[in-house]
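# Inside the fold
The primary structure of each chain is shown beneath.
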Amino acid sequence: MTSITVSAPLRRIAQGNEVRMILLAFGLAVVLSLMSPYFLTSSNLLNLLDQSVVIGIVAIGMTFVILTGGIDLSVGSIAGLTGIILGLSMREMPLPLAIAVAVSCGALIGAFSGVLVAVFGLAPFVVTLGMMSICRSLAYVLSGQQSISDIPEGLSMLVYGSIGGIPANVFILAVLYGASWFYLNRTKGGRTIYALGSNYEAARIAGLSVVFYKIVPYAVSGAMSAVAITLVAGQILSIDPLAGNMMELDAIAAVVIGGASLFGGRGTIIGTLIGVFIMVMIRNWLNLMGVSPFWQGTAIGTIIIAAVLVERLMSRR
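Residues numbered from 1 in each chain as written. Predicted model: local features only at pLDDT ≥ 70, side-chain atom pairs only at ≥ 80, totals over all residues. Heavy atoms only, no water.

Right, let's talk about the packing of aromatic side chains for a bit. Tallying each qualifying case throughout the model produces two aromatic pairs. With 6.0 Å between their ring centres and 20° between their planes, Phe-64 and Tyr-183 make a pair best called stacked. Here the residue Phe-64 occupies a position in helix α3 (residues 42-67), and Tyr-183 occupies one in helix α8 (residues 168-186), the gap between them amounting to 119 residues. Take Phe-64: its relative accessible area is 4%, and that puts it in the buried class. By relative accessible area, Tyr-183 is classed as partly exposed at 25%. When the ring of Phe-212 is compared with that of Tyr-213, the centres are 4.9 Å apart and the planes differ by 80°; the resulting orientation is edge-to-face. The exposure class assigned to Tyr-213 is buried, which follows from its relative accessible area of 15%. (Phe/Tyr/Trp six-rings, centres within 6.5 Å; stacked < 30°, edge-to-face > 60°. Helix = DSSP H or I, 4+ residues; strand = E, 2+ residues; numbered from the N terminus. Buried < 20%, exposed > 50% of the residue type's maximum accessible area, 1.4 Å probe, protein only.)

As structure tokens, then:
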């Protein structure tokens, strides 16, 4: 009896999507290390971890949205706009307050998209495509088509500082993933988001706050975009209105590779994190192999299509 009780949870874990993703990530790392002798060097591994932070944070918000069955194409443009807002705010107010303003603006922009989707029933693809254009346009208008380079050096501590021996940006990533995991798995709000993606009508009839929890993921997505661009600004001490361009492509790819269904209701935040690592490893390998950046978009796009195709085929089983 005891063996059955113990083996059942272990069997469920072994059959879990996260385990398959971890094995895939390790297998990919082995293959890439055989193809490039520089892949497993300590400096490159640190570089991989550093590169995972920004796209990893954006992918958190994208996971929330995709779990509801939506999509957010505006994350890159929101990052560009909130980066400009951050740069302009830092000229007028203390650094922490400027960051709070930028993150709040990102959340409000995302919430506005969420209202259009949840209240007026507009298609997420259309709404966020429109917001993508609006935010990029406003980024150019507010910046005067100029990069902002007078960034306080204190902002770089969010990237190059350390907390308990851990790089500050990696620590921030870990905290955000921990909080997201807790919300999605241990709170009513998280379970409602899954329910919306699984069966919206059933969730509505059950009396869940479907409108509110349809808006929340877009607000989270906007806020995460602002946090991500804050770290980018801290890293290069400059903000460009074009920042975040095509960021949505990497975020969507990471979430889909991590096992989330674009139809909603299925996926995990841990799977997304592993998807981010896989994405970054592939991009890093392409760079080490000297592949032109113009071809990297082809590679990432192909990966997205392949991941969706595999997910569709597996869901039919």
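On we go.
Attention now goes to unusual backbone geometry. A positive phi angle, near 60°, is found at Gln-145, a position not held by glycine. Among the secondary structure elements, Gln-145 is positioned in the loop between α6 (124-143) and α7 (157-160). Judged by relative accessible area, Gln-145 falls into the exposed class, the value being 54%. Positioned with a positive phi, Met-246 is a non-glycine residue whose angle comes to about 65°. Structurally, Met-246 can be placed in the loop between α11 (210-236) and α12 (247-257).

When the charged atoms of two side chains lie near each other, side chains of opposite charge can form a pair. With the rule as written, the count across this model stands at three salt bridges. A salt bridge links Asp-150 to Arg-91, with the shortest nitrogen-to-oxygen separation between them at 3.1 Å. Here Asp-150, found in the loop between α6 and α7, pairs with Arg-91, found in the loop between α4 (75-89) and α5 (95-118); they are 59 residues apart in sequence, far enough to count as distant. When its relative accessible area of 45% is taken as the criterion, Asp-150 is described as partly exposed. As a salt-bridge pair, Arg-283 and Asp-250 come within 2.8 Å of each other at their nearest N and O atoms. Taken together, the residues span a long stretch of sequence, with Arg-283 in helix α13 (residues 269-288) and Asp-250 in helix α12 at a distance of 33 residues. (Salt bridge = Lys/Arg side-chain N within 4 Å of Asp/Glu carboxyl O.)

Here the focus is the packing of α8 against α11. Orientation of α8 relative to α11, taken along the N-to-C sense of each, is 175°, at an axis distance of 12 Å. Classified by the interaxial angle, the pair formed by α8 and α11 is roughly antiparallel. For the pair formed by α8 and α11, the contact residues are Asn-169, Ile-172, Leu-176 and Tyr-183 on the first element and Tyr-213, Val-216, Met-224, Val-227 and Leu-231 on the second. Across the contact of α8 with α11, the residue classes tally to eight nonpolar, one polar and no charged. (Axes fitted to C-alpha atoms, helices over the stretch in contact; angles between N-to-C directions. Parallel < 35°, antiparallel > 145°, perpendicular 65-115°, else oblique. Contact = heavy atoms within 4.5 Å. Nonpolar A, V, L, I, M, F, W, Y, C, P; charged D, E, K, R; others polar.)

Let us look at α13. For α13, which comprises 20 residues, the first-to-last C-alpha distance of 29 Å matches the rise-based estimate of 28 Å (1.5 Å per residue) to within 8%. With 14 of 20 residues buried, α13 lies mostly within the body of the structure. Where α13 terminates, the next one or two residues include Gly-290, which has phi positive at roughly 75°. (Expected span 1.5 Å × (residues − 1).)

With that settled, the discussion passes to the nonpolar core. Formed by 57 residues in total, the largest nonpolar core has its most connected members in Ile-57, Ile-278 and Met-281. No other element matches the 12 residues that α3 contributes to this core. Ile-84, Val-117, Val-127 and Ile-151 belong to the second-largest nonpolar core, a separate cluster that totals 22 residues. (Core = buried A, V, L, I, M, F, W, Y, C linked by side-chain atoms within 4.5 Å.)

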